[in-house]
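# Observations on the model geometry
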Amino acid sequence: MRWVVGAAVLRDGRVLAARRTTPAATAGRWEFPGGKVEPGETPEAALVREVAEELGCEVEVTGWLPGTAAIGSTHVLTVATTRLVSGEPDPREHDAVRWLAAHELGDVDWLEPDRPFLPALRSAMMAP
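Read on for an overview of the structure. The written sequence of each chain sets the order in which its residues are numbered from 1. For a predicted model such as this one, the threshold for reporting local features is a pLDDT of at least 70, and the threshold for listing and counting side-chain atom pairs is 80 or more; totals across whole chains, interfaces and linings nevertheless cover every residue. In computing side-chain values, all of the structure's heavy atoms are included and hydrogens and water are not.

So, about the pairing of strand β1 (residues 2-11). Bridge analysis of β1 against strand β7 (residues 75-86) gives nine bridges, and the strand direction is parallel. What sits directly across from Leu-10, in β7, is Arg-83. Across three bridges, the pairing between β1 and strand β4 (residues 34-36) is antiparallel. By the bridge assignment for β4, Val-5 is matched with Gly-35. Adjacent in sequence and paired antiparallel, β1 and strand β2 (residues 14-20) are bridged by two residues, among which Asp-12 carries a positive phi angle near 50°. When DSSP finds at least two bridges between two strands, those strands are taken to pair. Runs of H or I in DSSP of at least four residues are treated as helices and runs of E of at least two as strands, each being numbered from the N terminus.

Attention now moves to the environment of Glu-60. Structurally, Glu-60 can be placed in strand β5 (residues 58-64). Spatially, the C-alpha atoms of Glu-60 and Ala-45 are 9.4 Å apart, while their sequence positions differ by 15 residues. Dropping the residues within four chain positions of it, Glu-60 is found in contact with Thr-81, Thr-82, Arg-83 and Val-85. What qualifies as a polar contact is a pair of N or O atoms within 3.5 Å, subject to a donor-acceptor requirement within protein and to the restriction that residues adjacent in sequence count only when both atoms come from side chains. At 2.8 Å, the side chain of Glu-60 and the side chain of Arg-83 are in polar contact. Whether two residues are in contact is decided by their heavy atoms, any of which lying within 4.5 Å being enough.

Glancing now at the nonpolar core. Buried Ala, Val, Leu, Ile, Met, Phe, Trp, Tyr and Cys residues that are joined via side-chain atoms within 4.5 Å together make up what is termed a nonpolar core. Note on classification: 1.4 Å probe, protein chains only; a residue is buried when its accessible area is under 20% of the maximum for its type, exposed when over 50%, partly exposed between these limits. Judged by nonpolar contacts, the single largest core of 20 residues is most densely connected at Val-15, Phe-32, Trp-110 and Leu-121. Among the secondary structure elements, those contributing two or more residues to this core are β1, β2, β7, β8 (94-101) and α2 (118-126). Ranked by the residues each element gives to this core, the list is headed by α2, at three residues. With 13 residues, the next largest nonpolar core counts Leu-16, Val-37, Cys-57 and Ala-80 among its residues.

Below, the structure written as structure tokens:
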């Protein structure tokens, strides 16, 4: 199994969602930005690298949401909570980004592997 990391980028009580353009089967659906952990790379370093590549901004990992989700039979997704350190998200591999409040998480069509993380994310976003 190969690890994939996703970033729940949090700011001002909202989380960043990114809309995919490829492959065709997932185009137009929403996900947490991120990608594959390369050999010898920590999940945290992979997440910082992937967000910089996909969105041109820098994030810092602040924690990990519980659980994992299978992506097919070869990859496993885990999602970290992060905060913006510098820059503004500028989609390079996605065609749109949206900042969603906790009550808006159901307003977009999330990819299946991202969905199991939404309840814990919603709780984290609503915590004082």
